[in-house]
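# Per-entry structural report
One-letter residues, chain by chain:
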Amino acid sequence: MLSTSLQAGYSVERAFCEAERELETIYGGESLLLSELRKMNRLVKVSRPVEDAFLDLAAETGLDEMISLGYIFQQAKRTGGDYGRIMQDTARKLEEKLRTTQEIAAMTAQKQLELRIMCLMPVLILVYVRCTSFDFIAPLYHNLAGVLVMTVCMIFYGSMILLGDRLVQINV
């Protein structure tokens, strides 16, 4: 919205006011972003520099992308850059990052499901064998050597579950 208003020739302050009106039209008065944008526009109306007000808004939201946009916006304001193009390029880059994050989440979702299944399978096999033919695994639980072997196996199994969890967690 800001990019479109800036490319239409509006001043930065007016572009933020237009964005507020458009957000109100789209979401009504219930949007969190709308209330923050209203607060920012009120600060600008009492002679607070728009780039400082935007950085404050970005800091309050805590979104890394918005904070980055705030710093880019501040530098563009200082150097007199083309706001419309800068906002459009930044929005495009943010969309690419979001799309990449979604693609990674989709790819790892399958691997996370496979990991859960692989973690459950040994336990389910052990339960099945114990229920159907207990005599087959009884030596593993009723003597010292069996208890030691099963304890080592359980520690190894637990460590492999933790390793698998770490492998499928990808942060962007």
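Residues numbered from 1 in each chain as written. Predicted model: local features only at pLDDT ≥ 70, side-chain atom pairs only at ≥ 80, totals over all residues. Heavy atoms only, no water.

What follows concerns the layout of surface pockets. Its boundaries defined by the atoms lining it, the largest pocket holds a volume of some 880 Å³. Lining the largest pocket are 25 residues, and of these L33, M66, L69, A91 and L94 sit closest to its centre. Mapped by element, the contributors of at least two residues to the lining of the largest pocket are α1 (2-7), α2 (12-27), α3 (32-45), α4 (50-61), α5 (64-79) and α6 (83-132). When residues of the lining of the largest pocket are assigned to their parent elements, the largest contribution, 8 residues, is made by α6. Among the residues forming the lining of the largest pocket, the class breakdown is 18 nonpolar, 4 polar and 3 charged. The volume enclosed by the second largest pocket comes to roughly 260 Å³. Lining the second largest pocket are P122, V123, L126, Y141, M150, T151, C153, M154 and Y157. With 5 residues, helix α8 (residues 144-168) is the single largest residue contributor to the lining of the second largest pocket. Class assignment for the residues of the lining of the second largest pocket results in 8 nonpolar, 1 polar and no charged. (1 Å grid on protein atoms, 1.4 Å probe; cavity = no way out; pocket = protein on both sides within 12 Å on 5 of 7 lines; lining within 4 Å. Points joined across faces, edges and corners; volume = space filled by probe spheres on them. Helix = DSSP H or I, 4+ residues; strand = E, 2+ residues; numbered from the N terminus. Nonpolar A, V, L, I, M, F, W, Y, C, P; charged D, E, K, R; others polar.)

Here we come to the packing of aromatic side chains. The final tally for this structure, using the stated rule, is 1 aromatic pair. With centroids separated by 5.5 Å and ring planes inclined at 45 degrees, the aromatic side chains of F16 and F54 adopt a geometry described as tilted. You can see F16 sitting in helix α2 and its partner F54 sitting in helix α4, a full 38 residues away along the chain. Between R14 and the ring centre of Y10, over which it is positioned, the NZ or CZ distance is 4.9 Å. (Phe/Tyr/Trp six-rings, centres within 6.5 Å; stacked < 30°, edge-to-face > 60°. Lys NZ or Arg CZ within 6 Å of the ring centre and 35° of its normal.)

In this section: the pattern of salt bridges. Close approach of charged atoms lets side chains of opposite charge pair. Taken as a whole and judged by the stated rule, the model has 9 salt bridges. The salt bridge partner of K39 is E60, with a shortest N-O separation of 3.2 Å. Of the two residues, K39 sits in helix α3 while E60 sits in helix α4, which places them 21 residues apart along the sequence. Taking the relative accessible area as the measure of exposure, K39 reaches 33% and is therefore partly exposed. Note on E60: relative accessible area 48%, which makes it partly exposed. Note that R48 is salt-bridged to D56, the shortest N-O span being 2.4 Å. Residue class for D56 comes out partly exposed when judged on its relative accessible area of 28%. Overlapping salt bridges, with partners in common, bring together R14, E18 and R21 in one network. (Salt bridge = Lys/Arg side-chain N within 4 Å of Asp/Glu carboxyl O. Buried < 20%, exposed > 50% of the residue type's maximum accessible area, 1.4 Å probe, protein only.)

Now for a nonpolar patch on the surface. A contiguous nonpolar surface patch, about 560 Å² in accessible area, is contributed by L113, I117, L120, M121, L124 and I125. Looking at where I117 falls in the secondary structure, it is placed in helix α6. Note on I117: relative accessible area 44%, which makes it partly exposed. (Patch = residues over 30% accessible without salt bridge, like charges linked within 9 Å, V, L, I, M, F, W, Y side chains within 5 Å. Areas by Shrake-Rupley, 256 points an atom, 1.4 Å probe, with all protein chains shown as cover.)

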